[in-house]
Structures are given as C-alpha cells and as structure tokens.
Amino acid sequence: AALREGYQHFDPRAYLQNNYLPPRADFSSEEFVVPWKLRCLAETFASGEIHGRTLIDVGSGPTIYQLLSACDHFEEIVATDYLAVNREELGRWVRGEPGTFDWSPFIQHVCKIEGRGEPWQEKERRLRDRLRRILPIDVHRPDPLGAPLRPPADALLSAFCLEAVSPDRAAFARALAHVGSLLRPGGHALLLGALGESFYLAGAARLPVVPLAEDDVRTALTGAGFALRDFRSYAMPPALRTGVDDVDGVFFAHAQK
C-alpha cells in the first residue's frame, strides 16, 4: 500500500531527465551506464537465438530504449506499466506526438553498435509499428495482467521494475515468478536492474527500492524456474552518482524458462 501511494507522485519527465540525459546517457564512451545497458541487449539479441511472435516488456515505465534491439526479432511487442501516466507517455511516443522525449540519440547508438548500416529512422519506425499494445500490469498479482497472455510470450524483458516495486527480497522473488507465468516454457527472459539501491527520485516522489546483491538475483531466477544463461554487472562510477538515487551498480541477466 505504501508503494502504491508513493507511485501516485511519480513524475515520468523527471525520471527521464534524471536517468536518460547526460551524464548517465553519454554516448561518447562505452564506460557510461546507458551505452553499457544498450550493448548488453544488442549482443544478446545478435545471437539470433531470441525471437518469435511476441515479446512482453514488464514495467516499461516511460522508456523505449530497452526495446530497440528486441524489435527486430518479434512480430509484436507488448509494453506494460502499473501507472497510467507511463502508459500515456509511451502512447504519445508511439503516435509520434510532438513534445515527447527525444530517443533519437539512443536509436542512433544502437544502430551504430549493431553495425548493419541501417538508417536510425527505420528502426524507430519499426519499433513504433510493432509496439501494438500498452497494458496495465501489477507484478504482485499471480496473474499480473488480470488474465493469461494468449499465447504466452516467446520472450520477456524487464528493466528496473521488480526491485523498484518490491518491499523486500521475498516480494521481488514472488514478483519474478508471477511475471514468469507470462512466458512460454523455453522462452527467454532478459532483466536489467539495480544493485545495492535503496531509493530513487522521480520529481516529488522518493521511491524505495529493495537493495539487491548479485546472488539475490541469481537465487530468485532459479526459484522462479529459470536457468541462468548470462550474468553481467556494472559498477556505477563516482561521476554518475548524481544524487537522484544511491545505486551501487547495474545487473544484466539472460535466463531461460
């Protein structure tokens, strides 16, 4: 209940400004956190192993960067978020409305590291075309969408969601199992998340986060019925500790149900 109350004050624009503008979104070096996240995703999807009809993005927030490499490998992407303000922000971007956040530097960077020589506008168009559904979700319910996803997703992606809406590690593990039910057996799950973080700011909202260690993530994945395929971590350098959170690092996990 306290988490739900806190998120009523969540400001999508403040969140985007805190995390997806410089210094964190600096593309001049791979040492910065946003290029690191984009490379984890690009390299994992470049294997060609993760593909299918549907990818579900759990807790999309107001962001689309996490879907840029994924959109080449699925017919449909389903975005989800608990907050209507985030779903509305995503919808405005999909429709190309003026005044939405400028994701073009992210799209250009992903096109560069994927190395196919594709015009970035083409990737932007493809993501907008494939992002067909933006649904409400509650990861603390055993049926997070309120009804089973039919057919189940071929892949699941979630970035900085589960640890940010869970009051403790047990709730994080349960939420992971709940969202895992949206995925078909053999399907792939890609997670990005915070390590050692206890809060973050989004405008007037100061939101609690369950501080996770690497082993907490590994244990929760195993408990939710996943086999870990790849795990990477990033230590947040002092220059990127800007006061908008107290994050120690970021993890990337690729697991298979």
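All of these numbers come straight from a predicted model, not from anything done at the bench.

This next bit is on the state of the cysteines. Scanning all chains against the criterion turns up zero disulfides. Not engaged in a disulfide, the cysteine cysteine 111 finds its nearest cysteine sulfur in cysteine 71; these two sulfurs lie 8.7 Å apart. Cysteine 161 carries a free sulfur, and the closest cysteine sulfur to it, the one in cysteine 40, is 19 Å from it. In this structure cysteine 161 comes out as buried when scored by relative accessible area, which is 9%.

Regions of empty space are outlined by a rolling probe, equal in size to a water molecule, passed over the atoms. If you add up the space inside the largest pocket, you get close to 710 Å³. Around the largest pocket, the lining comprises 42 residues; the ones closest to its centre are Tyr7, Phe160, Cys161, Ala164 and Tyr200. Looking at the lining of the largest pocket, the elements that each hand over two or more residues are helix H1 (2–7), helix H2 (12–19) and helix H3 (33–46). In terms of residue count, H1 provides more of the lining of the largest pocket than any other element does, four residues in total. Residues of the lining of the largest pocket, tallied by class, amount to 27 nonpolar, seven polar and eight charged.

Turning our eyes to something else, we now look at the nonpolar core. Grouped together as the largest cluster of nonpolar side chains are 88 residues, with contacts concentrated most on Trp103 and Phe106. Considering each element in turn, this core owes the most residues, eight residues, to H3.

For the rest of this paragraph, the subject is the UniProt feature "binding site: S-adenosyl-L-methionine" (unreviewed entry) in the chain. Following the UniProt record, the feature "binding site: S-adenosyl-L-methionine" (unreviewed entry) maps to Tyr15, Tyr20, Gly59, Ser60, Tyr65, Asp81, Asn86, Asp138 and Val139 here. An extended arrangement is adopted by the annotated residues: their sequence extent is 125 residues, and the largest C-alpha distance between any two is 24.6 Å. Of the annotated positions named here, the largest pocket is lined by Tyr15, Tyr20, Gly59, Ser60, Tyr65, Asp81, Asn86, Asp138 and Val139. Each residue touching tyrosine 20, except ones within four places of it in the same chain, is listed here: Tyr15, Ala25, Val34, Lys37, Thr63, Tyr65, Phe101, Trp103 and Phe106. Considering the arrangement of structural elements, one finds glycine 59 in the loop between strand E1 (52–58) and strand E2 (74–81).

On to the sheet that holds E2, then. One key point about sheets: their strands pair by backbone hydrogen bonds, in either a parallel or an antiparallel sense. Taken in spatial order, the seven strands make up an open sheet running E3-E2-E1-E4-E5-E9-E8, and their pairing is mixed. What marks the edges here is a single partner per strand, and that holds for strand E3 (131–136) and strand E8 (227–235). Strand-to-strand twist in this sheet, taken as the mean axis angle between neighbours without regard to direction, amounts to 15 degrees. Both E2 and E3 contribute to a ladder of five bridges, which runs parallel. Its bridge partner being in E3, aspartate 81 is matched across the sheet by proline 136.

What counts as what
- Residues numbered from 1 in each chain as written.
- Predicted model: local features only at pLDDT ≥ 70, side-chain atom pairs only at ≥ 80, totals over all residues.
- Heavy atoms only, no water.
- Disulfide = S-S within 2.5 Å.
- Buried < 20%, exposed > 50% of the residue type's maximum accessible area, 1.4 Å probe, protein only.
- 1 Å grid on protein atoms, 1.4 Å probe; cavity = no way out; pocket = protein on both sides within 12 Å on 5 of 7 lines; lining within 4 Å.
- Points joined across faces, edges and corners; volume = space filled by probe spheres on them.
- Helix = DSSP H or I, 4+ residues; strand = E, 2+ residues; numbered from the N terminus.
- Nonpolar A, V, L, I, M, F, W, Y, C, P; charged D, E, K, R; others polar.
- Core = buried A, V, L, I, M, F, W, Y, C linked by side-chain atoms within 4.5 Å.
- UniProt positions renumbered as here; feature names shortened; annotations may be inferred.
- Contact = heavy atoms within 4.5 Å.
- Pairing = 2+ DSSP bridges.
- Axes fitted to C-alpha atoms, helices over the stretch in contact; angles between N-to-C directions.

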